[in-house]
Amino acid sequence: MFIDYDTFRQRADKLRMLMQEACRTGGRDPAGVTLLPVTKTHPAAAAEYVARYGLPAVGENRVQEAVDKRAQTDAHVRWELIGHLQSNKAKLAAAHFDRIQSVDSEKLLNQLDRAAEEMGKILPVLLQINAGNDPAKFGIDPVDASRLLAVALARPNLRIDGLMTIAPLGTTPDETAAHARRTFANLRTIRDDLAGQYGVPLRELSMGMTGDFALAIAEGSTLIRVGTALFGRRE
Ligand SMILES: *Cc1c(COP(=O)(O)O)cnc(C)c1O
């Protein structure tokens, strides 16, 4: 059975307290870090809770799941794609998501740009970078990030808001934390380098999940993507 709204509200209050603590410790302005609740695998009611709580957007990792859910609710939230996008779903994703965080190839950039043009809209995207050099993770290799950004900036129907990454897991909690820190620091460095090189802000650094959001905030995250801490374990 899915949690009730009060449970969600308590968890969200607690999470926001922990976010503020991490901001204080890291010398960050709490206004510079946004919470993106990840509603994947949960019912459409999850998006309604998020809207009622006053948060602006939800994250989903599968295109079709989000399309179905969006049809079931008129919750006043934006929908962001955070999971891997196959190019045969690019058009559907461009039509149904308000932002796509998982863009990691030139092919996807081209398809999303064409789809956005057909719909007469500007589609906001993030470039997903494999900043932890994890062979098991999606995202473009950091050495290819500059070339991908150059292509992205030349696509008139896309708006490049920033970068996204997922940290690789370790075999122990200490190793996982070390990977997370290194990955997040690396993404921030990549962002700073690219922003300087191309003269664009790339303001958004989407990094940090339930297990590592405090480390991500310490390293400069502007958007943490949290599912488990808000909605419980996924089946
Ligand atoms: C599922 C998912 C999250 C949320 O993970 P939790 O550990 O449940 O907070 C964040 N980012 C991405 C890309 C995900 O797929």
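The structure we're discussing is the one just above.
Residues numbered from 1 in each chain as written. Predicted model: local features only at pLDDT ≥ 70, side-chain atom pairs only at ≥ 80, totals over all residues. Heavy atoms only, no water.

A.B. asks: Please explain the overall build of the protein chain as it appears in this structure.
C.D. replies: Within the protein chain, the regular secondary structure consists of nine helices and eight strands. Against the compact-globule benchmark of 18 Å for 235 residues, the protein chain has a radius of gyration of 17 Å, which places it among compact chains. Here the C-alpha coordinates of the protein chain stretch approximately 45 × 40 × 35 Å along the principal axes. When burial is assessed residue by residue, the protein chain has 49% of its 235 residues classed as buried. (Helix = DSSP H or I, 4+ residues; strand = E, 2+ residues; numbered from the N terminus. Rg over C-alpha atoms; globule rule 2.2 N^0.38 Å. Buried < 20%, exposed > 50% of the residue type's maximum accessible area, 1.4 Å probe, protein only.)

A.B. asks: How do you make sense of the nonpolar core when you look at a structure like this?
C.D. replies: Soluble, globular proteins show a tendency: their nonpolar side chains are buried together. Residues Phe 8, Ile 100, Leu 112, Leu 127 and Ile 129 are the most contacted members of the largest nonpolar core, which totals 66 residues. For this core, the element with the highest residue contribution is helix H1 (residues 5–26), accounting for seven residues. If you look at the next biggest cluster of nonpolar residues, it comprises seven residues, including Leu 36, Ala 57, Leu 126 and Met 164. (Core = buried A, V, L, I, M, F, W, Y, C linked by side-chain atoms within 4.5 Å.)

A.B. asks: For this particular structure, what's the right way to read the site of the ligand?
C.D. replies: Surrounding the ligand, one finds Val 38, Lys 40, Ile 82, Ile 166, Met 209, Thr 210, Arg 225, Val 226, Gly 227, Thr 228 and Arg 234. With respect to the ligand, the side chain of Thr 210 contributes an N or O atom lying 2.5 Å from an oxygen atom. Residue composition of the shell around the ligand, grouped by class: five nonpolar, three polar and three charged. (Near = heavy atom within 4 Å. Polar contact = N/O pair within 3.5 Å; in protein donor to acceptor, adjacent residues only side chain to side chain. Nonpolar A, V, L, I, M, F, W, Y, C, P; charged D, E, K, R; others polar.)

A.B. asks: Would you mind going over unusual backbone geometry with me for this structure?
C.D. replies: Keep in mind that most residues, glycine aside, have a negative phi and that most peptide bonds are trans. One non-glycine residue, Thr 41, lies in positive phi territory at about 70°. As for its placement among the helices and strands, Thr 41 is situated in the loop between strand S1 (34–37) and helix H2 (45–53). In this model, Asn 133 sits at a positive phi of 45°, which is unusual for a non-glycine residue. Looking at where Asn 133 falls in the secondary structure, it is placed in the loop between strand S5 (123–128) and helix H6 (145–153).

A.B. asks: Would you explain the packing of helix H5 (residues 106–119) against H6 in this entry?
C.D. replies: To describe two helices that pack against each other, one gives the angle between their axes and the distance between the axes. At a minimum axis separation of 10 Å, H5 and H6 run at an interaxial angle of 10°. As judged from the angle between their axes, H5 and H6 are roughly parallel. Pair H5 / H6 crosses with right-handed handedness. Seen from H5, the contacting residues are Glu 106, Leu 109 and Asn 110; seen from H6, they are Arg 147, Leu 148, Val 151 and Ala 152. Classifying every residue of the contact of H5 with H6 gives four nonpolar, one polar and two charged. (Axes fitted to C-alpha atoms, helices over the stretch in contact; angles between N-to-C directions. Parallel < 35°, antiparallel > 145°, perpendicular 65-115°, else oblique. Left-handed = near helix turned anticlockwise from the far one by under 90°. Contact = heavy atoms within 4.5 Å.)

A.B. asks: Looking at this structure, how should I read helix H7 (residues 173–198)?
C.D. replies: For an α-helix, the turn length of 3.6 residues means that residues three or four places apart are oriented alike. Between the first and last C-alpha of H7 there are 37 Å, a value that for 26 residues agrees with the 38 Å anticipated at 1.5 Å per step. Of the residues making up H7, those classed as buried are Ala 180, Thr 183, Phe 184, Leu 187, Ile 190, Arg 191, Leu 194 and Ala 195. For H7, the elements touching its buried residues are H6, strand S6 (158–164), strand S7 (204–206) and helix H8 (213–218). Looking one or two residues beyond H7, the residue adopting positive phi is Gly 199, at roughly 65°. (Expected span 1.5 Å × (residues − 1).)

A.B. asks: I would appreciate a short explanation of the side chain of Arg 99 in the present structure.
C.D. replies: On the secondary structure map, Arg 99 appears in strand S4 (residues 99–103). Within the structure, Arg 99 has its side chain in polar contact with the side chain of Glu 204 (distance 2.9 Å). When sequence neighbours within four positions are dropped, the list of residues in contact with Arg 99 reads Trp 79, Glu 80, Leu 81, Pro 124, Val 125, Leu 126, Asp 161, Glu 204 and Leu 223.

A.B. asks: Can you walk me through H2 in this structure?
C.D. replies: Among the residues of H2, Ala 46, Ala 47, Tyr 49, Val 50 and Tyr 53 are the ones counted as buried. When H2 is viewed along its axis, its buried side chains cluster within an angular range of 155° and face the same direction. Elements in contact with the buried residues of H2: H1, S1, strand S2 (57–60), strand S3 (78–81) and helix H9 (228–231). Positive phi appears at Gly 54, one or two residues downstream of H2, with a value of about 100°. (Arc of directions from axis to C-beta.)

By themselves these figures say nothing about function.
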